[in-house]
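Take a look at the letters that make up each chain.
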Amino acid sequence: MSLHDDAVSVLSGYDGADARQAELRGTYLDHLAGHPDGMWKACGAGHLTASALVVDPERGRVLLTLHRKLRMWLQMGGHCEPQDTSLAAAALREATEESGIAGLTLLPGGPVRLDRHPIPAPCHWHLDVQYAATASAGAVEQISDESLDLRWFPYDEVAGVADTSVVRLLESARARLDRG
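Let us look at the structure shown here. (Residues numbered from 1 in each chain as written. Predicted model: local features only at pLDDT ≥ 70, side-chain atom pairs only at ≥ 80, totals over all residues. Heavy atoms only, no water.)

**Concerning empty space enclosed by the protein**
Phase 1: As enumerated under the stated definition, the model contains 1 cavity of 30 Å³ or more in all.
Phase 2: In this model, the largest cavity occupies a volume close to 30 Å³.
Phase 3: Along the walls of the largest cavity sit Asp56, Arg59, Arg61, Ala135, Ser136, Ala137, Gly138, Ala139 and Trp152, which together make up its complete lining.
Phase 4: A breakdown of the residues in the lining of the largest cavity according to their chemical character gives 4 nonpolar, 2 polar and 3 charged. (1 Å grid on protein atoms, 1.4 Å probe; cavity = no way out; pocket = protein on both sides within 12 Å on 5 of 7 lines; lining within 4 Å. Points joined across faces, edges and corners; volume = space filled by probe spheres on them. Nonpolar A, V, L, I, M, F, W, Y, C, P; charged D, E, K, R; others polar.)

**Points about the pattern of salt bridges**
Phase 1: Scanning the entire structure with this criterion turns up 7 salt bridges.
Phase 2: Measuring nitrogen to oxygen at the nearest pair gives 3.9 Å for the salt bridge that ties Asp56 to Arg59.
Phase 3: A salt bridge links Glu97 to Arg93, with the nearest nitrogen and oxygen atoms 3.3 Å apart. Of this pair, Glu97 and Arg93 both sit in helix H3 (residues 87-99), 4 residues apart, which is roughly one turn of the helix.
Phase 4: Connected via shared salt-bridge partners are Asp84, Arg93, Glu94 and Glu97. (Salt bridge = Lys/Arg side-chain N within 4 Å of Asp/Glu carboxyl O. Helix = DSSP H or I, 4+ residues; strand = E, 2+ residues; numbered from the N terminus.)

**Observations concerning the environment of Cys123**
Phase 1: You can see Cys123 is positioned in the loop between strand E6 (113-118) and strand E7 (125-134).
Phase 2: Distance from Cys123 to Ser144, taken between C-alpha atoms, is 25 Å for residues 21 residues apart in sequence.
Phase 3: Other than its neighbours up to four places away in sequence, Cys123 contacts Cys43, Gly44, Gly46 and His47. (Contact = heavy atoms within 4.5 Å.)

As structure tokens, then:
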């Protein structure tokens, strides 16, 4: 199965928590139907990306990266690569690379949220498929070249440092953890 086919399958099975998430799901599927290259950075109309919020549920905290280019506290994530076999694999690869933590585990149940945001030309949109990953006890982070900093934040401090997309992702991840 190609990465494009995996994305269609994952998104077809995605059951977002609200009408906005259902609308985004349709937008993503329409994009993939109209753009065979819609998984790749080269797609000028926009492309899917994969990210993962790294969570330490035992300590009630999340690991955020201070993104080098955007200078914002964000979850780990980025572009899909040719070696990625699935969206989940891309999200896990990005989270591992950017956090420096081996042994991350994605929460079961697939993506926890979708987020579409504009980016500078030549491309116009990132259609981010967002997962959550848990870190094992005692995990030690290591800053990558893509980050200015990495820092653990208690759940209740995230809204003070990150934008609403990260806050919503944390809310969705916590809801998934509570159900799990």
